[in-house]
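Read off the chains here:
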Amino acid sequence: MADNVQVSIVIPVYNEEKNLPVLRDRLLPVMQGSGKSFEIIFIDDGSSDNSLVILQEFTRNEHIKVVELTRNYGQHAAIMAGFSVCCGNVVVTMDADLQNPPEEIPKLIKVMEEGNYDVVGTIRKGRQDSFFRILPSKIINMVARKITGVGMHDWGCMLRAYRREVVERMIQCHEHATFIPALATVFGKRICEIEVNHEERHGGKSNYPLRKLVNLQFDLVASFSDFPIKLIMYGGIGLSFLGVCFGIVLAVARLAYGAVWAADGVFTLFAILFVFVGLQFFALGVLGEYIGRIYLEVRKRPEYVIEDIYSAKGKE
Ligand code: UDP
Ligand code: MG
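(A) A look at the side chain of E68. Position of E68 relative to the elements: it lies in strand β3 (residues 64-69). In this structure, E68 is in contact with D44, L52, V305, I306, E307, D308 and Y310, ignoring residues within four places of it in sequence.

Right, here's the structure in full:
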């Protein structure tokens, strides 16, 4: 591997055996044609299929390095592990499923160099995902814009370029529940966004069932702001005030129309009660999300553990 690496490509891999050969065959020519010295770092995030074996084969190529994690730590922890071993001046992250076309990478690097940016984000043009994926992501993008104060439009697209300094600072943050594109905005000042193509997943299926997706969005929101807690607090105050007003209205109506009317209103009260009980549970759930994350942090377990690193020189 070249001593002075200009560009590192960091790719987390979790059960992507169907995509890896095609990814390599498209990525290598793009990088070779870019005229930059480069390295490609694949992180095997505890895959249970043949991905690791395929990746180990790849390391015959001097540009490719493979980091094997001891188990599945999640996409963002895997990228962090990749950051910890990469040495390029510009670090590009991307998915292994070819939803981010490798052909877009030179564009990212060019924009970063010409504009002297710290972070180059991307907006997925013609996004190839289902409506049920796109709608929540629109909402979450809006929330992320609010809480980070950075006007980026597409936080979910992982095809991004970061300057070395930003990556170094991100590695210093030993956070479990993290969302890298948002974390980068804490350290990068000059940020821009460009449009990139988006393709359908090449093979296999998404590793994000709804449960994991919701959890990741909570990482994004909860790791960067206490906005949901505040929202609940103010919402709670507003709701109690409304409750008191309701009580007064009901009391007045009872006095005016008598007890028979009030008894008939019992079900309405139940309905209102259910709404409040529901809200309380919701509030508890949100608090739980935060407490769960605090619990993860105080245990001080490592965010990821590297089992082995493979390169053309063999096991390191
Ligand atoms: N990934 C990972 N660990 C996980 C889940 C996903 O390293 O626990 C990787 C996966 O191999 C892919 C990227 O993260 O390279 C994005 O995952 P996926 O395509 O499943 O997400 P989606 O595109 O559906 O949001
Ligand atoms: Mg994908």
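(B) Looking closely at the site of ligand 1. Residues in close proximity to ligand 1 total 18 residues, the closest being E16, D45, D97, S206 and N207. Within the contact set of ligand 1, an oxygen atom lies 2.9 Å away from a backbone nitrogen or oxygen of P12. A distance of 2.9 Å separates an oxygen atom of ligand 1 from a polar atom in the backbone of Y14. For ligand 1, the protein covers 94% of the area, taking 530 Å² as the surface of the free molecule. For the shell around ligand 1, a count of residues per class yields five nonpolar, six polar and seven charged.

(C) Spatial organisation of the pairing of β3. Most of β3 is tucked away: six of the six residues are buried. Judged by which residues are buried, β3 turns out to be covered on both faces: I64, V66 and E68 on one side and K65, V67 and L69 on the other are all buried. With helix α2 (residues 51-58) bridging strand β2 (residues 38-44) and its parallel neighbour β3, the resulting β-α-β unit is right-handed.

(D) Molecular detail of the sheet that holds β3. Here we have nine strands laid out as an open sheet, ordered β7-β5-β6-β4-β1-β2-β3-β8-β9, and mixed in their pairing. For this open sheet the edge positions go to β7 (191-197) and β9 (314-315), each flanked by a neighbour on one side alone. By the bridge criterion, four bridges tie strand β4 (residues 90-93) to strand β6 (residues 160-163) in an arrangement that is antiparallel. Its bridge partner lying in β6, V91 is registered against Y162. Relative to β2, helix α1 (residues 20-33) is tilted by about 160 degrees, and along the sheet it contacts β1 (7-13), β2 and β3. Against the sheet, helix α4 (residues 105-115) engages β1, β4, β5 (119-125), β6 and β7, with an angle of about 160 degrees to β7.

(E) Just the coordination of the magnesium ion (ligand 2), in detail. Every protein donor of the magnesium ion (ligand 2) is listed here as D97 (OD) and Q99 (OE1), and their distances to the metal cover 1.9 to 2.0 Å. Judged by relative accessible area, D97 falls into the buried class, the value being 4%.

(F) Highlighting helix α8 (residues 210-222). The end-to-end C-alpha distance of α8, which contains 13 residues, comes to 18 Å, matching closely the 18 Å that a straight helix rising 1.5 Å per residue would cover. L213, L216, D219, L220, V221 and A222 are the residues of α8 that are buried.

(G) Layout of a nonpolar patch on the surface. On the surface, a nonpolar cluster with roughly 1200 Å² of combined accessible area is contributed by V266, F270, L273, F274, V277, F281, L284, L287, I291, I294, Y295 and V298. Following the sequence through the fold, V266 ends up in helix α11 (residues 266-298).

(H) Here's a closer look at the nonpolar core. In this structure, I9, I11, L20, I40, F42, V92 and I105 are the most contacted members of the largest nonpolar core, which totals 35 residues. Taken together, the elements giving at least two residues each to this core come down to β1, α1, β2, α2, β3, β4, α4 and β7. With five residues, α1 is the largest single contributor of residues to this core. Aside from chain neighbours lying at most four places away, what touches I11 is L23, L27, I40, I41, F42, I43, M94, D95 and A96. The next biggest cluster of nonpolar side chains, apart from the first, holds 28 residues, and it includes I79, M158, M170 and Y304.

Quick notes on the rules
Residues numbered from 1 in each chain as written. Chains lettered and ligands numbered in written order. Predicted model: local features only at pLDDT ≥ 70, side-chain atom pairs only at ≥ 80, totals over all residues. Heavy atoms only, no water. Helix = DSSP H or I, 4+ residues; strand = E, 2+ residues; numbered from the N terminus. Contact = heavy atoms within 4.5 Å. Near = heavy atom within 4 Å. Polar contact = N/O pair within 3.5 Å; in protein donor to acceptor, adjacent residues only side chain to side chain. Areas by Shrake-Rupley, 256 points an atom, 1.4 Å probe, with all protein chains shown as cover. Nonpolar A, V, L, I, M, F, W, Y, C, P; charged D, E, K, R; others polar. Buried < 20%, exposed > 50% of the residue type's maximum accessible area, 1.4 Å probe, protein only. Right-handed = clockwise from strand over helix to strand, strands pointing away. Pairing = 2+ DSSP bridges. Axes fitted to C-alpha atoms, helices over the stretch in contact; angles between N-to-C directions. Donors = N, O, S within 2.8 Å, 3.2 Å for Na, K, Ca; no water. Expected span 1.5 Å × (residues − 1). Patch = residues over 30% accessible without salt bridge, like charges linked within 9 Å, V, L, I, M, F, W, Y side chains within 5 Å. Salt bridge = Lys/Arg side-chain N within 4 Å of Asp/Glu carboxyl O. Core = buried A, V, L, I, M, F, W, Y, C linked by side-chain atoms within 4.5 Å.

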